[in-house]
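Chain and residue survey
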Amino acid sequence: CAAMSRNAAARCWRSALTLGLLLALSAAVSADDRPLLEMRAQLGSQKGTTLSAEIPGRIRSIPLRDGDTFREGQLLIEFDCSLQQAQLTKANAQLRAAENTLQGQQRLAELNAVGLVELRNSEAEVHKARADITYLQVMMRRCRITAPYDGRVIHFPVREHQTVQAGHELVEIIDTANLALDFLVPSQWLAWLTPGYSFEVYIEDTGKRYPVKLLRTAARVDPISQTVRAVGEVDGLFPELLPGMSGSVLLRNPS
């Protein structure tokens with residue numbers, strides 16, 4: 001175009017610009033016309049557990065109810081540990097007595113008025129009393145069941161004032177902030193469906209679309225259906241989403 005006359009060059013540049021726009025538009029339409037692939041999917045929690053009693057005892061209080069939200073470290077269940085508290089008070093008193101005895105034995109040892117065996121026994125009594133206190137402090141910490149992460153209560157299978165044994169299930173909880181999307185895809189898609197791939201999911205319960213990023217695919221293909229399990233993560237916080245909701249993932253094959 002640069003070597004042409006002014007009018008011819010102008011027409012040439014306009015033609016080139018028009019051709020460029022048409023090519024860009026064609027590429028955009030081609031991208032939009034890629035086949036949209038839909039697969040059934042279900043939301044689930046990436047973290048969920050059932051907390052059990054580590055000690056036998058009577059439940060003093062349950063400050064939350066089924067369906068309530070909680071923060072990490074928040075109290076979920078508290079046991080009546082008045083007996084353990086009394087034992088801890090007694091152990092502290094025994095430690096003070098053992099330390100006093102040891103101090104007296106050490107002074108007598110400086111005067112050669114006590115044997116080495118008696119001195120070592122006094123030292124052992126102090127160590128024993130300190131070990132008893134450490135043990136009871138650990139037991140006291142187990143009197144309070146706190147949340148290991150932010151989440152919601154699914155169900156309390158116990159009630160206040162109920163006496164339970166060690167190992168009894170106390171509360172089932174889930175993390176509702178980090179939701180995972182579980183679905184199956186044909187094994188042929190593994191050539192382009194890799195971790196980090198961005199797509200959308202349509203959730204029927206809310207009637208909305210949400211962004212998702214693929215986390216991983218399973219290490220084994222089902223030999224009968226030739227499908228593989230894929231797991232994605234909802235990219236963002238959406239309070240209306242709950243584990244158990246279902247819908248369809250919306251993927252576009254790049255080929």
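Owing to the predicted nature of the structure, the values given are computational and were not obtained by experimental measurement.

Observations regarding the side chain of Gln84
On the secondary structure map, Gln84 appears in helix α2 (residues 82–110). Filtering out sequence-adjacent residues up to four positions away, Gln84 remains in contact with Ile55 and Met140.

Examining the packing of aromatic side chains
This model, assessed by the stated rule, comprises 5 aromatic pairs. Taking 4.9 Å as the distance between ring centres and 70° as the angle between the ring planes, the aromatic pair formed by Tyr210 and Phe238 counts as edge-to-face. With Tyr210 in strand β12 (residues 208–217) and Phe238 in the loop between β13 (227–234) and β14 (246–252), this pair connects stretches of sequence that are 28 residues apart. Judged by its relative accessible area of 2%, Tyr210 falls in the buried class. Connected via pairs of aromatic rings, a cluster forms that spans Phe183, Trp189, Trp192, Tyr197 and Phe199.

Quick look at α2
Structurally, the α-helix is built with 3.6 residues per turn, so residues lying three or four positions apart point the same way. Look at α2: 43 Å from first C-alpha to last across 29 residues, which is about the 42 Å you get at 1.5 Å a residue. Taken as a whole, α2 has its buried residues at Gln84, Leu88, Ala91, Leu95, Ala98, Leu102 and Gln105. Structurally, α2 contributes buried residues whose contacts are with α3 (116–141). Following α2 by one or two positions, Asn112 adopts a phi angle in the positive range, close to 60°.

Details of the sheet that holds strand β2 (residues 48–52)
The antiparallel open sheet is built from 4 strands, whose spatial order is β2-β9-β7-β4. A strand with exactly one partner marks an edge of an open sheet, and here the two such strands are β2 and β4 (69–70). Bridge analysis of β2 against strand β9 (residues 169–174) gives 5 bridges, and the strand direction is antiparallel. Along β9, the bridge assignment pairs Leu51 with Val171.

Points about the state of the cysteines
Under the definition given, this model contains 1 disulfide. Two residues, Cys81 and Cys143, share a disulfide whose sulfurs are 1.7 Å apart. Handedness here is read from the sign of the S-S torsion; for Cys81 and Cys143, about -100°, the answer is left-handed. Placement of Cys81 in the loop between β5 (75–79) and α2 and of Cys143 in the loop between α3 and β6 (144–146) is noted, with a sequence separation of 62 residues between them. Overall, the relative accessible area of 7% leaves Cys81 in the buried class.

Side note on the environment of Ala97
With respect to the helices and strands, Ala97 occurs in helix α2. Here the alpha-carbon distance between Ala97 and Ala129, two residues 32 residues apart in the chain, equals 9.4 Å.

Observations regarding the pattern of salt bridges
Evaluated as defined, the whole model comprises 13 salt bridges. In this structure, Arg120 and Glu123 form a salt bridge, with 3.4 Å as the shortest nitrogen-oxygen distance. Here Arg120 and its partner Glu123 are both found in helix α3, 3 residues apart, which amounts to about one turn of the helix. With a relative accessible area of 25%, Glu123 lands in the partly exposed category. Of the charged contacts in the structure, one is a salt bridge between Arg229 and Asp182, with a shortest N-O distance of 2.8 Å.

Basis of the calculations
- Residues numbered from 1 in each chain as written.
- Predicted model: local features only at pLDDT ≥ 70, side-chain atom pairs only at ≥ 80, totals over all residues.
- Heavy atoms only, no water.
- Helix = DSSP H or I, 4+ residues; strand = E, 2+ residues; numbered from the N terminus.
- Contact = heavy atoms within 4.5 Å.
- Phe/Tyr/Trp six-rings, centres within 6.5 Å; stacked < 30°, edge-to-face > 60°.
- Buried < 20%, exposed > 50% of the residue type's maximum accessible area, 1.4 Å probe, protein only.
- Expected span 1.5 Å × (residues − 1).
- Pairing = 2+ DSSP bridges.
- Disulfide = S-S within 2.5 Å.
- Salt bridge = Lys/Arg side-chain N within 4 Å of Asp/Glu carboxyl O.

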